[in-house]
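What follows is the residue order along each chain.
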Amino acid sequence: MRFRHPDGSTVHLAYCTNVHPAETLDGVLAQLRDHCEPVRRRLGRDRLGIGLWLAKDAAHALVSDPSALRGLRTELDTRGLEVVTLNGFPYEGFGAEEVKYRVYRPDWDDPERLDHTTALARLLAGLLPDDVTEGSISTLPLAWRTRGAESAHTALRTLGQRLDALRDLTGRSIRVGLEPEPGCLVETTGDAIAPLTAIGHDRIGICVDTCHLATSFEDPHTALDALTRAGVPVVKSQLSAALHAEHPHLPEVREALAAFDEPRFLHQTRTATAAGLRGTDDLGEALRGEALPDASPWRAHFHVPLHAAPAAPLTSTLAVLKAALTRLVGGPRPLTHHLEVETYTWQALPPELRPRARAQLVDGIAAELTLARDLLTDLGLKELP
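Undergrad: Which residues make up the pairing of strand β5 (residues 134–139), and what values do they have?
TA: In terms of burial, β5 is a largely internal element, five of the six residues being buried. As for the winding sense of the linkage, the β-α-β connection from β5 through helix α5 (residues 152–170) to strand β6 (residues 173–178) is right-handed.

This is the structure:
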């Protein structure tokens, strides 16, 4: 979906296909047929943006066979889909029964991360629509905090050089954004400023995920103003909402939170105290004993559907998303032109909230995109055909 900003530039809105995990190119093609095109039709649009997730094997198949890449581009065009952004954070196994800490490997200390991201950049340059010259890729924020990242800065500088060369070769400018996430070496937007300014490359910036922003209790305006002052480019933003519990000391709140403690993904949980931010690596850890103070609200890294806040006594951080969006695209000039709804946890919701059929998932994704569209038009952006 495309929108005209009051400054005349185009803002792209997509949804991320990591909600339909597939490891192979055949699986990606099936996603386009079974999910992405039906979402487009449900919205009544001639064109729909998707933030494509290409796992290791799918990316390798495409980069090693130019005809396969041309075939994917043709399939996108035929189904009324377009790609200006990729999710390069998960490497493989995102649909496994247990992902947890595995999603952070390989990290930026491993040469495979550089090679994979370079491949994604080459692929995106070939997938961009004919009238688009700029693409974006989100990637993990260096490494999980217990890992070293001694080689990460060198790898990212090398990536910047490769992106420059790709621009010279293709005329397409691909930018990569570190995506701060609780528990990682770069946990907050503030943590991103020092390494990104040290790298000092205008094609390496930040991806602001509004669920992660909220989980860390960051104020969107303060965070985005600091990035602007530091000259750190916002490559893209993932529109997402975290799980919020206002009174975590109450038994009924604990019981409601326990329903979201599931085995597939890591749900880092945080609370803001007078002594600073406190947290656990997972929601279950927070719920057991006294691992996390409960005198103040808790937020958990659980991407809840944008249009459907959890039932009381829980809620979501949609207000943080709205505040961030106001700063991202509501000003005289957008801070970013690439927005991506990323709710990959539909099948990790409590059983009674999960879609039971493909059509229900299509309905849910379309509803999330409709909410995002309405927020953008409320900010003065005009939806384009």
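Undergrad: So what's going on with the packing of aromatic side chains? Residues and values would help.
TA: Evaluated as defined, the whole model comprises eight aromatic pairs. Here phenylalanine 94 and phenylalanine 265 contribute two aromatic rings whose centre-to-centre distance is 5.1 Å and whose plane-to-plane angle is 45 degrees, an arrangement assigned as tilted. Pair noted here: phenylalanine 94 is in the loop between β4 (81–87) and α4 (111–127) and phenylalanine 265 is in the loop between α9 (251–258) and β10 (269–273), with a separation of 171 residues, a long-range link. This pair shows no difference in class: phenylalanine 94 is buried, exactly as phenylalanine 265 is. Through a chain of ring-to-ring contacts, three or more aromatic side chains come together here, namely Trp53, Phe94, Phe265 and Tyr344. Note that arginine 299 overlies the ring of phenylalanine 217, its terminal NZ or CZ placed 4.4 Å from the centroid.

Undergrad: Give me the lowdown on the nonpolar core, citing residues and values where you can.
TA: The biggest cluster of nonpolar side chains holds 118 residues, and the ones touching the most others in it are Leu13, Tyr15 and Leu369. Residue contributions to this core peak at nine residues, all from helix α12 (residues 358–378). If we skip the residues at most four places from it in the chain, leucine 13 touches Met1, Phe3, Gly49, Leu239, Leu339, Val341, Leu369, Ala372, Arg373 and Leu376.

Undergrad: Got a sec to walk through the packing of helix α2 (residues 56–63) against α4? Specific residues and values, please.
TA: A packed helix pair is summarised by two numbers, namely the angle formed by the two axes and the spacing between the axes. Viewed as axis vectors pointing N to C, α2 and α4 meet at an angle of 55 degrees, and their least axial separation amounts to 10 Å. Relative to α4, the element α2 lies oblique. Crossing handedness for the pair α2 and α4: left-handed. Across from Lys56, Ala59, Leu62 and Val63 in α2, the residues of α4 making contact are His116, Ala119, Leu120, Arg122 and Leu123. The residue makeup of the contact of α2 with α4, split by class, is six nonpolar, one polar and two charged.

Undergrad: Account for the pattern of salt bridges, with residues named and values stated.
TA: Overall, the coordinates contain 26 salt bridges when judged by the stated rule. Here aspartate 34 and arginine 358 are joined by a salt bridge, their closest N and O atoms 3.8 Å apart. In this pair, aspartate 34 sits in helix α1 (residues 25–43) while arginine 358 sits in helix α12, placing the two residues 324 residues apart along the sequence. Residue glutamate 187 is joined to arginine 270 by a salt bridge in which the shortest nitrogen-to-oxygen separation is 3.1 Å. Residue glutamate 187 is found in the loop between β6 and α6 (189–199), and its partner arginine 270 is found in strand β10; the two are separated by 83 residues along the sequence.

Undergrad: Provide a residue-level description of α2, including the pertinent values.
TA: By the burial criterion, the buried members of α2 are Ala58, Ala59 and Leu62. Projection of α2 onto a plane perpendicular to its axis shows the buried side chains occupying an angular sector of 95 degrees, all on one side.

Undergrad: Hey, could you go over the sheet that holds β10 for me, with residue numbers and the actual values?
TA: The sheet built from five strands is open, its strands ordered β11-β10-β12-β9-β13 with antiparallel pairing. Here the strands that pair on one side only, and so sit at the sheet edges, are β11 (276–280) and β13 (314–316). Ignoring which end each strand starts from, the neighbouring axes of this sheet average 30 degrees apart.

Cut-offs and rules
- Residues numbered from 1 in each chain as written.
- Predicted model: local features only at pLDDT ≥ 70, side-chain atom pairs only at ≥ 80, totals over all residues.
- Heavy atoms only, no water.
- Buried < 20%, exposed > 50% of the residue type's maximum accessible area, 1.4 Å probe, protein only.
- Helix = DSSP H or I, 4+ residues; strand = E, 2+ residues; numbered from the N terminus.
- Right-handed = clockwise from strand over helix to strand, strands pointing away.
- Phe/Tyr/Trp six-rings, centres within 6.5 Å; stacked < 30°, edge-to-face > 60°.
- Lys NZ or Arg CZ within 6 Å of the ring centre and 35° of its normal.
- Core = buried A, V, L, I, M, F, W, Y, C linked by side-chain atoms within 4.5 Å.
- Contact = heavy atoms within 4.5 Å.
- Axes fitted to C-alpha atoms, helices over the stretch in contact; angles between N-to-C directions.
- Parallel < 35°, antiparallel > 145°, perpendicular 65-115°, else oblique.
- Left-handed = near helix turned anticlockwise from the far one by under 90°.
- Nonpolar A, V, L, I, M, F, W, Y, C, P; charged D, E, K, R; others polar.
- Salt bridge = Lys/Arg side-chain N within 4 Å of Asp/Glu carboxyl O.
- Arc of directions from axis to C-beta.
- Pairing = 2+ DSSP bridges.

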